[in-house]
Amino acid sequence: MSIATAAIARDLAPSGGLRAAINLGNPVLAQGTPAAPTGITVDIAREVGARLDVPVELVCFDAARKSYEAMATGRADICFLAVEPAREGEVAFTPPYVVIEGVFAVPHESALTTTADVDRAGVRIGVKRGSAYDLFLSRTLQHASVVRGEEGVDEFRAQGLEVAAGIRQPMTEFVAAHPELRLIEGRFMQIRQAVGTTRARRPETVRFLRDLVEELKAGGFVAEALRRANQSADLVAPPA
């Protein structure tokens, strides 16, 4: 290991092992159980550890906000989160490695037919608390309101809300299982998933992560990891 790489390893994994926060609440990014997680984020975490020659500890959570809190409070060394202004004060992000879509579901009889229709007075949108789409909608909505819960679709059903918001892949499965619902065509946001670490890291460490993500995208690592997880390789983010 070079002197420069050793310095990055000490900075990024000061305990001697790399603690990676894994969000099992996003099935595009991670699957499995806390005891045996799999998926693109697990693969990237292990690759970071391999490059730095340090062991990797996968610290699993069921929601993005918990991964963020682990990073912010020093319980994780790297995280895998959507780039959002509310997080950038604490987290130094790489360019995105995948881009996924936020979509809306509504009852079939709903008068809402476009994503723009949703932002009107009296419309209540169920979201997963602290998710990227919660942060985005809370920041951008002018008339509709957000209703937060452990799972947005559960709040949508339990409270009879007008709209549910979520990630396209699990929302598509949810609607398929509930034929009384439909997806509104198109996306309301792009969710740029990136690797993050605390802003206290040295510039060289952040640059190492940024360069590695670009290398893994360009070399096919990200696409292959997505395919192994039964996700579409079309989700790979474009070069930064």
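Let me begin by describing the structure that accompanies this report. (Residues numbered from 1 in each chain as written. Predicted model: local features only at pLDDT ≥ 70, side-chain atom pairs only at ≥ 80, totals over all residues. Heavy atoms only, no water.)

**What to know about the overall build of the chain**
And step 1. Looking only at helices and strands, the chain features nine helices and 11 strands.
And step 2. Seen through its principal axes, the chain has C-alpha atoms that stretch 65 × 35 × 35 Å.
And step 3. Here the chain holds 240 residues, and the buried ones make up 55% of them.
And step 4. For the chain, contacts bridging at least 24 residues in sequence account for 70% of all contacts bridging at least 6.
And step 5. Carbon and sulfur atoms make up 51% of the accessible area of the chain, which amounts to about 10700 Å² in all. (Helix = DSSP H or I, 4+ residues; strand = E, 2+ residues; numbered from the N terminus. Buried < 20%, exposed > 50% of the residue type's maximum accessible area, 1.4 Å probe, protein only. Contact = heavy atoms within 4.5 Å. Areas by Shrake-Rupley, 256 points an atom, 1.4 Å probe, with all protein chains shown as cover.)

**Remarks on the environment of Phe208**
And step 1. Looking at where Phe208 falls in the secondary structure, it is placed in helix H8 (residues 203–218).
And step 2. By relative accessible area, which is 17% here, Phe208 ends up buried.
And step 3. Separated by 79 residues in sequence, Phe208 and Arg129 have C-alpha atoms that sit 31 Å apart.
And step 4. Not counting residues up to four positions away in its chain, the partners in contact with Phe208 are Ile8, Val48, Arg51 and Leu52.

**Thoughts on the pairing of strand E11 (residues 189–198)**
And step 1. The element E11 is extensively covered by neighbouring structure, given that seven of its 10 residues are classed as buried.
And step 2. Bridging between strand E5 (residues 78–82) and E11 involves four bridges; their strand directions are antiparallel. Residue Cys79 lies in a different strand from E11, and its bridge partner there is Gly196. (Pairing = 2+ DSSP bridges.)

**Digging into the packing of aromatic side chains**
And step 1. Counted by the stated rule, this structure contains three aromatic pairs.
And step 2. Relative to Tyr97, the ring of Phe80 lies with its centre 6.2 Å away and its plane at 85 degrees, an arrangement referred to as edge-to-face. Of this pair, Phe80 sits in strand E5 while Tyr97 is found in strand E6 (residues 91–107), placing the two residues 17 residues apart along the sequence.
And step 3. The exposure class assigned to Phe80 is buried, which follows from its relative accessible area of 2%.
And step 4. Overall, Tyr97 belongs to the buried group, its relative accessible area being 0%.
And step 5. Both rings, one in Phe104 and one in Phe188, keep their centres 4.1 Å apart while their planes meet at 15 degrees; by these two values the pair is stacked. Within this pair, whereas Phe104 is found in strand E6, its partner Phe188 is found in the loop between strand E10 (181–183) and E11, the two being separated by 84 residues in sequence. Accessibility assignment for this pair places Phe104 and Phe188 in one class, buried.
And step 6. The structure contains a cluster of three or more aromatic residues connected by ring pairs, namely Phe104, Phe136 and Phe188. (Phe/Tyr/Trp six-rings, centres within 6.5 Å; stacked < 30°, edge-to-face > 60°.)

**Overview of the packing of helix H1 (residues 3–12) against helix H2 (residues 40–52)**
And step 1. Packing of H1 against H2 brings their axes to within 9 Å, and their N-to-C directions diverge by 130 degrees. By the angle between their axes, H1 is oblique relative to H2. Counted together, Thr5, Ile8, Ala9 and Leu12 of H1 and Val48, Arg51 and Leu52 of H2 form the full contact between these two elements.
And step 2. Taken together, the residues of the contact of H1 with H2 break down into five nonpolar, one polar and one charged. (Axes fitted to C-alpha atoms, helices over the stretch in contact; angles between N-to-C directions. Parallel < 35°, antiparallel > 145°, perpendicular 65-115°, else oblique. Nonpolar A, V, L, I, M, F, W, Y, C, P; charged D, E, K, R; others polar.)

**A word on the pattern of salt bridges**
And step 1. All told, the structure shown has 18 salt bridges when counted by the stated rule.
And step 2. Across the pair Asp77 and Arg19 runs a salt bridge whose closest N-O atoms are separated by 2.9 Å. Remark: Arg19 occurs in strand E1 (residues 18–23) and Asp77 occurs in the loop between helix H3 (64–72) and E5; sequence separation between them is 58 residues.
And step 3. Taking relative accessible area as the criterion, Asp77 reaches 1% and is therefore assigned buried.
And step 4. A residue is classified by how much of its surface remains accessible, and Arg19, at 21% relative accessible area, is partly exposed.
And step 5. A salt bridge links Glu84 to Arg139; the shortest N-O distance between them is 2.9 Å. Highlighted residues: Glu84 in the loop between E5 and helix H4 (85–88) and Arg139 in helix H5 (residues 132–140), separated in sequence by 55 residues.
And step 6. A single salt-bridge network, built from bridges that share partners, covers Arg19, Asp77 and Arg201. (Salt bridge = Lys/Arg side-chain N within 4 Å of Asp/Glu carboxyl O.)

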